[in-house]
Amino acid sequence: ADAGASLKERPVMKVVRLLQDMQQELTKSLEDDKAVHEQLDCWCKTNEREKTAAIEAGEQKERELEAFLGEALAKMQELKAKRDAALEEVNRDEVALQQASTLRMEENKAFHA
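Owing to the predicted nature of the structure, the values given are computational and were not obtained by experimental measurement.

Enquirer: What is the right way to read the overall build of the protein from this model?
Expert: The helix and strand tally for the protein stands at 1 helix and 0 strands. Its C-alpha atoms give the protein a radius of gyration of 47 Å, more than 25% over the compact-globule value 13 Å for 113 residues. The principal-axis extents of the C-alpha atoms in the protein amount to approximately 160 × 20 × 10 Å. In the protein, which comprises 113 residues, the proportion classed as buried is 0%. One finds the centroid of the 18 positive side-chain charges in the protein at a distance of 5 Å from the centroid of its 25 negative side-chain charges.

Enquirer: Just checking my understanding: could you explain the state of the cysteines for this structure?
Expert: Here is the idea: a disulfide is a covalent bond, and it sits between the sulfur atoms of two cysteines. This structure, assessed with the given rule, holds 0 disulfides. This cysteine, C42, is not joined by any disulfide, and C44 carries the nearest cysteine sulfur, 9.3 Å off. With a relative accessible area of 41%, C44 lands in the partly exposed category.

Enquirer: Whenever I open this one, the pattern of salt bridges confuses me. Can you help?
Expert: When the charged atoms of two side chains with opposite charge come close together, those side chains can pair. Considering all chains together, one arrives at 3 salt bridges under this definition. With its nearest N and O atoms 3.2 Å apart, the salt bridge here joins D41 to K45. Of this pair, D41 and K45 both sit in helix α1 (residues 2–112), 4 residues apart, roughly one helical turn. The class for D41 is partly exposed, based on a relative accessible area of 31%. When the shortest N-O distance is used, the salt bridge between K82 and E78 registers 3.4 Å. Taken together, the residues span about one helical turn, with K82 and E78 both in helix α1 at a distance of 4 residues. Judged by relative accessible area, which is 36%, E78 ranks as partly exposed.

Enquirer: Quick question: what am I supposed to make of a nonpolar patch on the surface here?
Expert: A cluster of nonpolar side chains, namely V15, L18, L19 and M22, defines an oily patch on the protein surface of about 380 Å² accessible area. Tracing the backbone through its elements, the reader meets M22 in helix α1.

Enquirer: How should a negative patch on the surface be read in this particular structure?
Expert: Residues E56, E59, E62 and E66 make up a contiguous surface patch of negative charge. Counting through the fold element by element, E66 comes out in helix α1.

Enquirer: How should I be thinking about the environment of M13 in this particular structure?
Expert: Looking at the element boundaries, M13 is found in helix α1. Its relative accessible area of 39% is what places M13 among the partly exposed residues.

Calculation rules
Residues numbered from 1 in each chain as written. Predicted model: local features only at pLDDT ≥ 70, side-chain atom pairs only at ≥ 80, totals over all residues. Heavy atoms only, no water. Helix = DSSP H or I, 4+ residues; strand = E, 2+ residues; numbered from the N terminus. Rg over C-alpha atoms; globule rule 2.2 N^0.38 Å. Buried < 20%, exposed > 50% of the residue type's maximum accessible area, 1.4 Å probe, protein only. Lys, Arg positive; Asp, Glu negative; His and termini not counted. Charge placed at Lys NZ, Arg CZ, Asp CG, Glu CD. Disulfide = S-S within 2.5 Å. Salt bridge = Lys/Arg side-chain N within 4 Å of Asp/Glu carboxyl O. Patch = residues over 30% accessible without salt bridge, like charges linked within 9 Å, V, L, I, M, F, W, Y side chains within 5 Å. Areas by Shrake-Rupley, 256 points an atom, 1.4 Å probe, with all protein chains shown as cover.

Shown next, in the form of structure tokens:
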């Protein structure tokens, strides 16, 4: 009876061992998956922090550049106004020089005449 019982237990034991092996493999797989999940989760959080910081820095730089462009535009307008004023002064001086030269030539003719 014992020999018959042990023969019947053998296939059951094989199934039990198979199930135990599967449980060990699944447990190992679960641990591996947990480790991968932790790494990916850490990477995602780190990546999100870095990208968020980079976006904020880019937006700040954009604001700075827009302010700089406004200042540069105002400076360009100021310099154009100064240039125009200087050109007008040069033109007035040339006209005055031409008038003075003409007057001097007339006075010189009158003096030598």
